[in-house]
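Spelled out from the first residue to the last, the chains are:
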Amino acid sequence: MSTPTKAPIGRVLTAMVTPFTTDGAIDFASAERLAVQLVADGNDGLCISGTTGEAPTTNEREKVDLLKAVRSAVGEKVTLLAGVGGNETAHVIQSAKDAESAGADAVLAVTPYYNKPPQSGVHAHFIAVADAIGLPVVLYDIPARTGTPIETATLQRLAEHERIVAVKDAKADLFAGAEVMATTDLAYYSGDDALSLPWLAVGAVGVISVVGHGFAGDYRDMIAAVDRGDLQTAREINNRLIPAVEAIMSKQSQGAIRSKALCHARGLIDSPMTRLPLLPASAAETEEMMSILKPCGLTADHAASSIGRTA
């Protein structure tokens, strides 16, 4: 199996949490420290202000300032994918323009939520965003959150736009994704940590992960194994990560809460604080999660010591 020739935003990206201080303000120093370590862990890209970054609770000024802070911290060689989701097309267009001005390399545009537009409206929305900026656009297909899937025929039409280059898939329809990959040039990224190996096996070029907050190197190794046709090694990595995926993406909590608790336990951010309506993980919840993650290969202090900081 040959290495994919088209991976427009890199291979391993983590959907980065947005650190907050105990009084709820964005902690830019922690964000910079976290971004640097995530790159050291094996990420060649970061998704800023996505769902895991609690984007629905941050304002436009905060999103721009966060993107600029992370860019300053990681430099120009790391891909920064800016979340620009929303359910008003004009607002999303302005967010995309702001992200472009702030130094993003690409934007991640989610299907408009709550409105539940028909597929003609979904198509028109994404085309309007792509027409408004000069950056590559990654489509985010996650109907469990938005209420509306991007159907195969719509994806095939959207692929005709020169700046619509990829899909972050959290729809969990492997056959539909394989059909899109077979009939278009869209690059696919797994947006569901539980299905990363199956997506890679059918042709996805990379992952946009939440579990990457602690295991980016493992995802990089998994991708490399699939690239060389070594599915046995890829399965071994995947099997080892199953408890980590279950712990971080717990149905009793959610990825933004648990990954933020993980980053705090690793000593990478100063507080596990979230903004309502999310509540931060309790100390007992975090302790239980870390007890599961350590046998998966994570140590809470290795990253902190590598950047001269302790938890």
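Here, the structure is the one placed above.
Residues numbered from 1 in each chain as written. Predicted model: local features only at pLDDT ≥ 70, side-chain atom pairs only at ≥ 80, totals over all residues. Heavy atoms only, no water.

1. Thoughts on the layout of surface pockets
Our working definition: Put simply, the grid is 1 Å and covers the protein atoms alone, a cavity is a trapped set of points that fit a 1.4 Å probe, a pocket is an open set with protein on both sides within 12 Å along at least five of seven lines, and lining residues have an atom within 4 Å of a point. Grid points are joined across faces, edges and corners, and a volume is the space filled by probe spheres set on the points. Helix and strand definitions here come from DSSP, where helices need a minimum of 4 consecutive H or I residues and strands a minimum of 2 consecutive E residues; each element is numbered from the N-terminal end. When residues are sorted by character, Ala, Val, Leu, Ile, Met, Phe, Trp, Tyr, Cys and Pro go into the nonpolar class, Asp, Glu, Lys and Arg into the charged class, and all the rest, Gly among them, into the polar class.
Reported here for the largest pocket is a volume of approximately 610 Å³. Taken together, 27 residues make up the lining of the largest pocket; nearest its centre are Arg145, Gly191, Asp192, Asp193 and Met249. Breaking the lining of the largest pocket down by element, the ones donating at least two residues are helix H5 (143–146), strand S8 (206–209), helix H10 (231–248) and helix H11 (255–265). Counting residues per element, the lining of the largest pocket draws most heavily on H5, at 3 residues. For the lining of the largest pocket, a count of residues per class yields 12 nonpolar, 8 polar and 7 charged. Space inside the second largest pocket adds up to approximately 520 Å³. If you go around the second largest pocket, you meet 24 residues; those closest to its centre are Pro56, Gly85, Gly86, Val110 and Tyr113.

2. Some details on H11
For an α-helix, the turn length of 3.6 residues means that residues three or four places apart are oriented alike. Put simply, the rule is: For every residue, the accessible area obtained with a 1.4 Å probe (protein chains only) is divided by the maximum for its type, and the residue is called buried under 20%, exposed over 50%, and partly exposed between those limits. Contact criterion: two residues are considered in contact whenever any of their non-hydrogen atoms come within 4.5 Å of each other.
Here H11 lies mainly inside the structure; 9 of its 11 residues are buried. All of the buried residues in H11 are Gly255, Ala256, Ile257, Arg258, Ser259, Lys260, Ala261, Leu262 and Cys263. For H11, the elements touching its buried residues are helix H1 (28–41), helix H9 (212–227), H10 and helix H12 (283–293). A positive phi of about 80° marks glycine 267, the residue just after H11.

3. Things to note about unusual backbone geometry
When glycine is set aside, most residues are seen to have a negative phi, and most peptide bonds are trans. Along the chain, leucine 276 connects to proline 277 via a cis peptide bond; the corresponding omega equals 20°. Relative to the helices and strands, proline 277 is located in the loop between H11 and H12. Phi is positive for glutamate 54, which is not a glycine, with a value near 55°. Tracing the chain through its elements places glutamate 54 in the loop between strand S2 (45–48) and helix H2 (60–74). Taking the relative accessible area as the measure of exposure, glutamate 54 reaches 1% and is therefore buried. At alanine 172, a position not held by glycine, the phi torsion is positive, near 70°. Locating alanine 172 in the fold gives a position in the loop between strand S6 (164–169) and helix H7 (174–183).

Keep in mind these numbers describe shape, not what the thing actually does.
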